[in-house]
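# Topology and contacts: notes
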Amino acid sequence: MEDVKIPRATAKRLPLYYRYLVFLNDEGKEKVSSTELSEAVQVDSASIRRDFSYFGALGKRGYGYDVKRLLDFFKKILNQDTLTNVALVGVGNMGHALLNYNFKRTNNIRISAAFDVNAEITGKIMNGVPVYHTEDLKKQLSEQQIEIAILAVPKDQAQSTADELIEAGIKGIMNFTPIRISTPSNVRVQNVDLATELQTLIYFLEQDNQ
């Protein structure tokens, strides 16, 4: 499956499908149609069928999709059998929330190290995660073989911190700052701007009321 090239939009929907399939499997459901999936995950059925088509014949016409088979398939695609350790850089308000959450709904992702400059919290364990001083960033990322980091620092520190992460060998950054950081082409960045998402929601709600 390494040769499968899928659109970014499809890749972002795969974890959504997986989580619902886990729910269906836990409920003892044996098969599901694209229409049922569509209603549950709020993605139109045509898009679901198109997403699945990138991976070959996953279902049967007139039958739908075998839940267990589909779940096992996406489990492998999404590396659910492999634990991925990630680093959190910045333990302010957002960082605290992320530490508290620590991907509780996901069994294959874990924040295993956090970094900050605040002497009051460095050297301590918060929500089961050790908090190191950012001076130890390169050393700890190397020793723990971490290649993914969550960036939750103040915006004026975003680019410089991202540069440090890249120098330390990080290959993927989830950016919770409002700054669009610059990275080499071999480093992937996922921007998460909660304020923008909320403003977009408000805009559409206002449009609906007109």
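Computed from a predicted model, the values in this text were never measured in an experiment. (Residues numbered from 1 in each chain as written. Predicted model: local features only at pLDDT ≥ 70, side-chain atom pairs only at ≥ 80, totals over all residues. Heavy atoms only, no water.)

### Here's the deal with a nonpolar patch on the surface
- Side chains of Leu198, Leu201, Ile202 and Leu205 sit close together on the surface and give an oily, nonpolar patch of about 360 Å² of accessible area.
- Along the polypeptide, Leu205 turns up in helix H8 (residues 194–208).
- Residue class for Leu205 comes out partly exposed when judged on its relative accessible area of 45%. (Patch = residues over 30% accessible without salt bridge, like charges linked within 9 Å, V, L, I, M, F, W, Y side chains within 5 Å. Areas by Shrake-Rupley, 256 points an atom, 1.4 Å probe, with all protein chains shown as cover. Salt bridge = Lys/Arg side-chain N within 4 Å of Asp/Glu carboxyl O. Helix = DSSP H or I, 4+ residues; strand = E, 2+ residues; numbered from the N terminus. Buried < 20%, exposed > 50% of the residue type's maximum accessible area, 1.4 Å probe, protein only.)

### Considerations on the environment of Lys75
- Looking at where Lys75 falls in the secondary structure, it is placed in helix H4 (residues 67–77).
- Under the relative-accessibility criterion, Lys75 is labelled partly exposed at 30%.
- Sequence separation between Lys75 and Tyr18 is 57 residues; the distance between their C-alpha atoms is 7.4 Å.

### Focus on the nonpolar core
- Leu21, Phe52, Leu58 and Phe74 are the most contacted members of the largest nonpolar core, which has 20 residues in total.
- Residue assignment for this core shows that the elements contributing at least two residues are helix H1 (8–26), helix H2 (34–41), helix H3 (45–53) and H4.
- Ala113, Ile146, Leu151 and Ala168 belong to the second-largest nonpolar core, a separate cluster that totals 18 residues. (Core = buried A, V, L, I, M, F, W, Y, C linked by side-chain atoms within 4.5 Å.)

### Here we look at the packing of aromatic side chains
- Taken as a whole and judged by the stated rule, the model has 8 aromatic pairs.
- Summarising the aromatic geometry, the rings of Phe52 and Tyr65 are spaced 5.0 Å apart at their centres and angled 85° between planes, so their arrangement reads as edge-to-face. On the criterion of sequence distance, the pair formed by Phe52 in helix H3 and Tyr65 in strand E3 (residues 64–66) is long-range, its members being 13 residues apart. We note that Phe52, like Tyr65, is buried. (Phe/Tyr/Trp six-rings, centres within 6.5 Å; stacked < 30°, edge-to-face > 60°.)

### Things to note about the domain arrangement of the protein chain
- Taken domain by domain, the protein chain holds domain 1 (8–76) and domain 2 (84–195).
- One C-alpha centre belongs to domain 1, the other to domain 2, and the line joining them spans 32 Å. (Domains from an automatic or database assignment.)

### A few points about the UniProt feature "DNA-binding region" (unreviewed entry) in the protein chain
- Residues annotated in UniProt with the feature "DNA-binding region" (unreviewed entry) correspond here to residues 16–55.
- As a span, residues 16–55 carries 70% helix and 5% strand, and end to end its C-alpha atoms are 16 Å apart. (UniProt positions renumbered as here; feature names shortened; annotations may be inferred.)

### Some details on H3
- What H3 keeps buried is the set Ser45, Ser47, Ile48, Asp51 and Phe52. Down the axis of H3, the smallest arc covering the buried residues is 160°, so these residues share one side.
- The secondary structure elements touched by the buried residues of H3 are H1, H2, E3 and H4. (Arc of directions from axis to C-beta. Contact = heavy atoms within 4.5 Å.)

### Description of H2
- Among the residues making up H2, those that are buried are Ser34, Leu37, Ser38 and Val41. Down the axis of H2, the buried side of the element spans an arc of 105°, and every buried residue falls inside it.
- Of the surrounding secondary structure, the elements contacted by the buried residues of H2 are H1, strand E1 (31–32), H3 and E3.
- Two residues or fewer past H2, Gln42 is found with a positive phi of approximately 60°.

### As for a positive patch on the surface
- Side chains of Lys5, Arg8, Lys12 and Arg188 sit close together on the surface and give a patch of like positive charge.
- Relative to the assigned elements, Lys5 resides in the segment before H1.
- According to the relative accessible area criterion, Lys5 is exposed, its value standing at 70%. (Lys, Arg positive; Asp, Glu negative; His and termini not counted. Charge placed at Lys NZ, Arg CZ, Asp CG, Glu CD.)

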